[in-house]
Number of protein chains: 2
Amino acid sequence: MKLNLKLTLVSLVAGALGLASTVATAQDPLPSWNDGPAKQAILEFVKATTTQGGPQFVPPEARMATFDQDGTLWVEHPMYTQVTYCFERMPALIKQKPGLKNKEPFKTVLSGNREAIAKLSTNQLVEILAATLTGMSVDDFKAEAKRWIAEAKDPRWKRSYTELTYQPMQELLRYLRANGYKTYIVTGGGQDFVRTHAEQTYGIPPEQVVGTAGGTKFGYDRSGKPFLTKEPKLLLNNNNAGKPEGIYFMIGRRPVAAFGNSTSDKQMLEYTRAGGGARLAMIVLHDDAEREYAYGPAEGLPDTKVGTFTQALYDEAKKNGWIVISMKNDWEKIFAFEP
Amino acid sequence: MKLNLKLTLVSLVAGALGLASTVATAQDPLPSWNDGPAKQAILEFVKATTTQGGPQFVPPEARMATFDQDGTLWVEHPMYTQVTYCFERMPALIKQKPGLKNKEPFKTVLSGNREAIAKLSTNQLVEILAATLTGMSVDDFKAEAKRWIAEAKDPRWKRSYTELTYQPMQELLRYLRANGYKTYIVTGGGQDFVRTHAEQTYGIPPEQVVGTAGGTKFGYDRSGKPFLTKEPKLLLNNNNAGKPEGIYFMIGRRPVAAFGNSTSDKQMLEYTRAGGGARLAMIVLHDDAEREYAYGPAEGLPDTKVGTFTQALYDEAKKNGWIVISMKNDWEKIFAFEP
């Protein structure tokens, strides 16, 4: 491993300078990963796809890597951060539309009764998302979401949600980019919401975020200045089959590497693997209740509604050569803020 | 002008080497442009937005430039190339679906009667596009379109359609990219169709092509291999207001520079100009019947259905500081193959 790594770094540095170079420091690009099959698979994949003249070489323009966000790049339990945002925006929404105060499902959310909130139906959740995420200008939405994400804290760790990003995945993003990969987020979450923090949190610019997206409507304000309003019209449901469809629509190339953690990433991983040559498909198993959370129901882990990873998906992964990342065993460190 | 240009080149070269450099050749980056207000506007815009510390400096990650394709980057007369493709695909389509042979509007297209074809309604054209552009796998479509574009010839110049790209715009694309701009195509044409030739023709990769787009459907073939089928379901009508809406959806940033040639580019240019700081909005006027085509109806040019540039748009451009590019006066050379 050490030797391969050293060679990669030498060629990287040499490439950056446009010169042959004999100086290189063999630093581990993935220090938060324990030695094991997951880390090894990453290092071997990068070496194989970047070795000029090698049988699995991928030209730089085709080096596309797609990452799910919730549960893959940052914590998604006990509830997706964007849903928390929508719940916490409720008082501001009621101020603008007081009529909603005594209407369901808004009444239940405002009650703060967690048990009742957990029982809301999918249709009711969609109603809440539509009310809190549409109807304003895209600039107003962006400003609000950015303000919230800068201030809100996760109750367990008492830290910003953006600090709850997984350090091993941050290293992986950087390592892939250093090797010429273009990194994309392909999330079931809202494209607009994720774009407000993706650049700062992951180094991923807005144009490389593919997510569930509604339409917008172009219009002019009173002074004649054009602006866009967020409409409650779904253009892309970027979950399950929607992920490869969204990738084709937004990127137009099949990824060479893809990373997920739940059944809604299944089709993206299948689509990625179905391309020829070297392909890397990895899936995070949340099996560390102590340092993060434990849920499946794969491998006898607790069954929860958020980030479901079924046994069938686990079996498909094992059968097809996807790499299951065990948080417990493969990650030496989960968060940057750990001592 | 010369001095500014020289400084830009020096800083460019220095940046590429990561070194201070004292050697530079003051080559004209836009040799096919005549000296005049259009060329000057481009040079001044690039200088203003790339001068570090200057009042109009734009950071590299925000340097987004969007280009319409038909009539802006390549010839669109007498008919959009993609529509020609659909017409020429008709015999192959009839082979697969013989039932269409005696049905309108397919019968008219097959007749080759140009007068009758020119009279087809918009709905009939949409029916033809849907029949020839959907129902196959995305890979089959790509292979067919690529084969056609490699073989088909424009009847006037007897050259490939991709050779009918405007040399001054090619220079502009390269000049912007050399100055850190990310160049996008934002076309009313089909996203999939344009993606098949954009990289080779314009140096623009698939993920930087935004166009009118239909949905796809994820499924599995008999061996269990996943694939995507092109569906007759419109996701993005990338014309008029659809252009800024498509830009927001696909790119998530407002362009700093935008280039078009017809009324369907109006909203994209307005949206671009409405951002703060230096903005470049340019619109190509086809006023050279001898070397290319002449059409408006702006400025008394002939009124045609393809690539309409109205007098109202011309007046809006003049009033708001958009630059009208006169093909006749601003372009010394139109095609690379000219002697």
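In case you missed it, the structure is sitting above this.
Residue numbering note: each chain is counted from 1, following its sequence as written. Note on labels: chains are lettered from A, ligands numbered from 1, in written order. Only residues with pLDDT of 70 or above have their local features reported here, since the model is predicted, and side-chain atom pairs are shown and tallied only from 80 upward, although totals for entire chains, interfaces and linings are computed over all residues. Remark: hydrogens and water are excluded; side-chain values derive from all non-hydrogen atoms of the structure.

With reference to specific residues and values, describe the overall build of chain A.
Helix and strand definitions here come from DSSP, where helices need a minimum of 4 consecutive H or I residues and strands a minimum of 2 consecutive E residues; each element is numbered from the N-terminal end. Across its full length, chain A carries 14 helices and 7 strands. To get the radius of gyration, use the C-alpha atoms; to get the globule rule, take the number of residues to the power 0.38 and multiply by 2.2 Å. For 339 residues, the compact-globule estimate of 2.2 N^0.38 gives 20 Å, and the C-alpha radius of gyration of chain A, at 21 Å, lies within 12% of that figure. Seen along its three principal axes, the alpha-carbon backbone of chain A occupies a region of about 70 × 55 × 40 Å. Taken over 339 residues, chain A has a buried fraction of 54%. Burial classification: accessible surface area is computed with a 1.4 Å probe over protein chains only, and a residue below 20% of its type maximum counts as buried, one above 50% as exposed, and the rest as partly exposed.

Residue-level account of the interface of chain A and chain B, with values.
Listed as interface residues are 39 residues of chain A and, on the opposing side, 39 residues of chain B. The term buried area denotes the loss of accessible surface (1.4 Å probe radius) that occurs when two parts are joined, taken as the sum for both partners. Buried surface at the junction of chain A and chain B, summed over both partners, amounts to about 3200 Å²; 56% is from carbon and sulfur atoms. In terms of surface lost to chain B, no three residues of chain A exceed Glu 207, Tyr 248 and Phe 249 of chain A, which account for 22% of the buried area on that side. Salt bridge criterion: a side-chain nitrogen from Lys or Arg within 4 Å of a carboxyl oxygen from Asp or Glu. Between chain A and chain B we count 6 salt bridges in total. We define a polar contact as two N or O atoms separated by no more than 3.5 Å, with the added condition that, inside protein, one atom must be a possible hydrogen donor and the other a possible acceptor, whereas residues neighbouring each other in sequence contribute only through side-chain atom pairs. Counting across the interface, chain A meets chain B through 19 residue pairs in polar contact (both at pLDDT 80 or more). Put simply, the parts of the chain that give the side of chain A that touches chain B at least two residues each are helix H8 (138–151), strand S2 (182–190), helix H10 (191–202), strand S3 (209–220), strand S4 (226–236), helix H11 (242–250) and helix H12 (266–273) of chain A. Any two residues whose heavy atoms approach within 4.5 Å at even a single point are treated as in contact.

How would you sum up the pattern of salt bridges? Please name residues and give values.
Should the charged atoms of two oppositely charged side chains come close, the side chains can pair. Per the counting criterion, the structure on display carries 26 salt bridges over all chains. The salt bridge partner of Arg 253 of chain A is Glu 199 of chain B, with a shortest N-O separation of 3.5 Å. Of this pair, Arg 253 of chain A sits in the loop between H11 and strand S5 (257–260) while Glu 199 of chain B sits in helix H11 (residues 198–202), each in a different chain. Taking relative accessible area as the criterion, Arg 253 of chain A reaches 14% and is therefore assigned buried. Note on Glu 199 of chain B: relative accessible area 34%, which makes it partly exposed.

Before we move on, can you summarise the sheet that holds strand S7 (residues 323–326) of chain A with the specific residues and values?
Two orientations exist for strands paired in a sheet by backbone hydrogen bonds: parallel and antiparallel. All names here are of chain A. Strands are treated as partners if at least two bridges between them are detected by DSSP. Read across the open sheet, the 7 strands follow the order S4-S3-S2-S1-S5-S6-S7; overall the sheet is mixed. A single partner strand is all that each edge strand has here, and the edge strands are S4 and S7. Put simply, the sheet's adjacent strands are angled 30 degrees from each other on average, direction ignored. Where helix H2 (residues 37–50) meets the sheet, its contacts fall on S5, strand S6 (280–285) and S7, and the angle it forms with S6 comes to roughly 155 degrees. Interaxial angle, 0 to 180 degrees, is taken between N-to-C directions of lines fitted to C-alpha atoms, where a helix line uses only the stretch in contact. Strand contacts of helix H9 (residues 167–178): strand S1 (64–67), S2 and S5, with the helix running at about 165 degrees to S1, the strand carrying the most contacts.

Summarise the environment of Val 209 of chain A; cite the residues concerned and give the values.
Residues and elements named next belong to chain A. Relative to the helices and strands, Val 209 resides in strand S3. It is 29 Å that separates the C-alpha atoms of Val 209 and Pro 297, two residues lying 88 residues apart in sequence. Apart from the residues lying within four places of it in its own chain, the contact partners of Val 209 are Ile 185, Gln 191, Val 194, Arg 195, Ala 198, Ile 204 and Met 250.

Explain the pairing of strand S6 (residues 280–285) of chain B to me, using residue names and the numbers behind them.
Residues and elements named next belong to chain B. Among the 6 residues that make up S6, 6 are buried, leaving the element largely enclosed by the rest of the structure. The alternating pattern of S6 places Leu 280, Met 282 and Val 284 on one face and Ala 281, Ile 283 and Leu 285 on the opposite face, and all of these are buried. Between the parallel elements strand S5 (residues 257–260) and S6, the chain passes through helix H13 (residues 266–273) in a crossover that is right-handed. In the sheet, S6 pairs with strand S7 (residues 323–326) via 4 bridges, with the strands oriented parallel. Counterpart to Ile 283 in the pairing with S7 is Val 324. In this view, the connection linking S6 to its parallel neighbour S7 by way of helix H14 (residues 311–320) has right-handed handedness. Handedness of a crossover is defined as follows: orient the strands so they point away from the viewer, and if the path from the first strand over the helix to the second runs clockwise, the crossover is right-handed.

Any details on unusual backbone geometry? Residues and values, ideally.
That bond from Glu 104 of chain A to Pro 105 of chain A is cis: its omega, 0 degrees, falls within 30 degrees of zero. With respect to the helices and strands, Pro 105 of chain A occurs in the loop between helix H4 (90–96) and helix H5 (106–111). Going from Gly 296 of chain B to Pro 297 of chain B, the amide bond is cis rather than trans, its omega being 20 degrees. Its place among the elements puts Pro 297 of chain B in the loop between S6 and H14.

Any details on the packing of aromatic side chains? Residues and values, ideally.
Residue and element names in this part refer to chain A. What counts as a ring pair is set by centres within 6.5 Å for rings of Phe, Tyr and Trp (its six-membered ring), and what kind of pair is set by the plane angle: stacked under 30 degrees, edge-to-face over 60, tilted for all other angles. Inspection of the entire model under this criterion finds 31 aromatic pairs over all chains. Considering the side-chain rings of Tyr 166 and Phe 335, the 6.1 Å spacing of their centres and the 35 degrees angle between planes classify their relative orientation as tilted. Separated by 169 residues along the polypeptide, Tyr 166 in the loop between H8 and H9 and Phe 335 in the segment after helix H14 (327–330) bring together distant segments of the chain. As far as burial versus exposure is concerned, Tyr 166 and Phe 335 are alike and both buried.

Summarise the nonpolar core; cite the residues concerned and give the values.
By nonpolar core is meant a set of buried Ala, Val, Leu, Ile, Met, Phe, Trp, Tyr and Cys residues that side-chain atoms within 4.5 Å join together. Grouped together as the largest cluster of nonpolar side chains are 67 residues, with contacts concentrated most on Trp 33, Phe 67, Met 169, Phe 259, Leu 280 and Trp 331 of chain B. Among the elements that make up this core, the one with the highest residue count is helix H2 (residues 37–50) of chain B (6 residues). If we skip the residues at most four places from it in the chain, Leu 280 of chain B touches Ala 41, Ile 42, Phe 45, Val 256, Ala 257, Ala 258, Phe 259, Thr 272 and Ile 323 of chain B. In terms of nonpolar packing, the next biggest core, distinct from the first, is built from 66 residues, Ala 41, Ile 42, Phe 45 and Leu 93 of chain A among them.

How would you sum up the packing of H8 of chain A against H10 of chain A? Please name residues and give values.
Residues and elements named next belong to chain A. Between H8 and H10, the shortest axis-to-axis distance is 9 Å and the interhelical angle comes to 55 degrees. Our classification of the angle between H8 and H10 gives oblique. Crossing hand, H8 versus H10: right-handed. Contacts between H8 and H10 involve Phe 141, Lys 142, Ala 145, Lys 146, Trp 148 and Ile 149 from the first element and Asp 192, Phe 193, Thr 196 and His 197 from the second. Broken down by class, the residue content of the contact of H8 with H10 amounts to 5 nonpolar, 2 polar and 3 charged. Under this scheme an angle from 65 to 115 degrees is roughly perpendicular, one under 35 degrees roughly parallel, and one over 145 degrees roughly antiparallel; angles in between are oblique. Take the far helix as your reference; a near helix turned counterclockwise from it by less than a right angle gives a left-handed crossing, and one turned clockwise gives a right-handed crossing. Put simply, Ala, Val, Leu, Ile, Met, Phe, Trp, Tyr, Cys and Pro go in the nonpolar bin, Asp, Glu, Lys and Arg in the charged bin, and everything else, Gly too, in the polar bin.

I'd like a description of the relation of the copies chain A and chain B, backed by residues and values.
After a rotation of 180 degrees and a shift along the axis of 0.0 Å, chain A superposes on chain B with an RMSD of 0.0 Å. Taken together, the rotation and translation describe the operation of a two-fold axis. Counting the interface residues of chain A, we find that 100% of their copies in chain B are interface residues as well, pointing to one common contact surface. Least squares is the method used to superpose the copies, on C-alpha atoms of residues holding a pLDDT of at least 70 in both.

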